[in-house]
Each structure stands twice: as structure tokens, then as C-alpha cells.
Amino acid sequence: MEGMIKNFPDFRVFSGSDDFLLDILRAGSAGAITACNNICAAISARLFNNWQNDEADALQQAVNDVRSVIQ
């Protein structure tokens, strides 16, 4: 995904896994499209809007925790 972001700057890349949301946002992606977001949309949206803040890692962990329960 990072290669696509770097090599095709006008191409919008979305992660298909919640686990990669923060990392891929940091790489310059457009976001994520995942099934887990049907349940944890509020947390994912907060992470999407605050991925550059100090709370981003904790929010990513919260998303991961929800995903873990679903799996």
C-alpha cells in the first residue's frame, strides 16, 4: 500500500484492514474501508480525524481491541 501511495500520488489508497489504519494514514492514505467500521465507526472516525495527535496510538489500539473481539 505504501508503494502505491508513493508511486501514484493521485491514486487514493484505502486499507482493507483496521489493523493498518494508523500506519497507512501516516503513509498518506485516504483511510480504510472495513467491516469492523460498522461496529466501531466512532472510534475509527476519531482516529481518522486525530491521527497526527498524541492519542492516535491509543485509538488504534481501541480499534484493534474491537476487531479482536469480532474475530
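J.: Give a detailed account of the nonpolar core, specifying residues and quantitative values.
T.: Ranked by size, the top nonpolar core spans nine residues in total: Leu-21, Leu-22, Leu-25, Cys-36, Cys-40, Leu-47, Ala-56, Leu-59 and Val-63. Secondary-structure elements contributing two or more residues to this core are helix H2 (21–27), helix H3 (37–49) and helix H4 (56–70). For Cys-36, the residues in contact, after removing those within four places along its chain, are Asp-18, Val-66, Arg-67 and Ile-70.

J.: So what's going on with the pattern of salt bridges? Residues and values would help.
T.: Considering all chains together, one arrives at four salt bridges under this definition. Asp-18 is paired through a salt bridge with Arg-67; the nearest N and O atoms lie 3.0 Å apart. Taken as a pair, Asp-18 in the loop between strand E1 (14–15) and H2 and Arg-67 in helix H4 lie far apart in primary sequence, 49 residues in all. For Asp-57, the salt bridge is made with Arg-26, and the minimal N-O distance between the two is 3.5 Å.

J.: Tell me what's going on with the environment of Asp-19, and back it up with residues and numbers.
T.: Secondary-structure assignment places Asp-19 in the loop between E1 and H2. Accessibility expressed as a relative area gives 35% for Asp-19, which makes it partly exposed. Each C-alpha atom of the pair Asp-19 and Leu-47 lies 12 Å from the other, and the pair is 28 residues apart in sequence. If sequence neighbours within four positions are ignored, Asp-19 has contacts with Gln-60, Asn-64 and Arg-67. Only 3.4 Å separates the side chain of Asp-19 from the side chain of Arg-67, close enough to count as a polar contact.

Calculation criteria
- Just so you know, the residues in each chain are numbered from 1, in the order the chain's sequence is written.
- It should be noted that, the model being predicted, local features are given only for residues of pLDDT at least 70 and side-chain atom pairs only at 80 or more, the latter also being counted only at that level, while totals for whole chains, interfaces and linings use all residues.
- With hydrogens and water set aside, each side-chain value is computed from the structure's full complement of heavy atoms.
- The set of buried Ala, Val, Leu, Ile, Met, Phe, Trp, Tyr and Cys residues whose side-chain atoms join them within 4.5 Å is what this entry labels a nonpolar core.
- Here the term buried applies to any residue with accessible area under 20% of the maximum for its type, exposed to any over 50%, and partly exposed to those in between, with areas from a 1.4 Å probe on protein chains only.
- Elements are defined by DSSP. Helices are runs of H or I of four residues or more, strands are runs of E of two residues or more, and each kind is numbered from the N terminus.
- Residue contacts are counted whenever heavy atoms from the two residues lie within 4.5 Å of one another.
- Should a side-chain nitrogen of Lys or Arg be within 4 Å of a carboxyl oxygen of Asp or Glu, the pair is scored as a salt bridge.
- Think of a polar contact as two N or O atoms within 3.5 Å of one another; within protein, one of them needs to be a possible hydrogen donor and the other a possible acceptor, and neighboring residues in sequence only count if both atoms come from side chains.

Geometric values such as these leave the question of function open.
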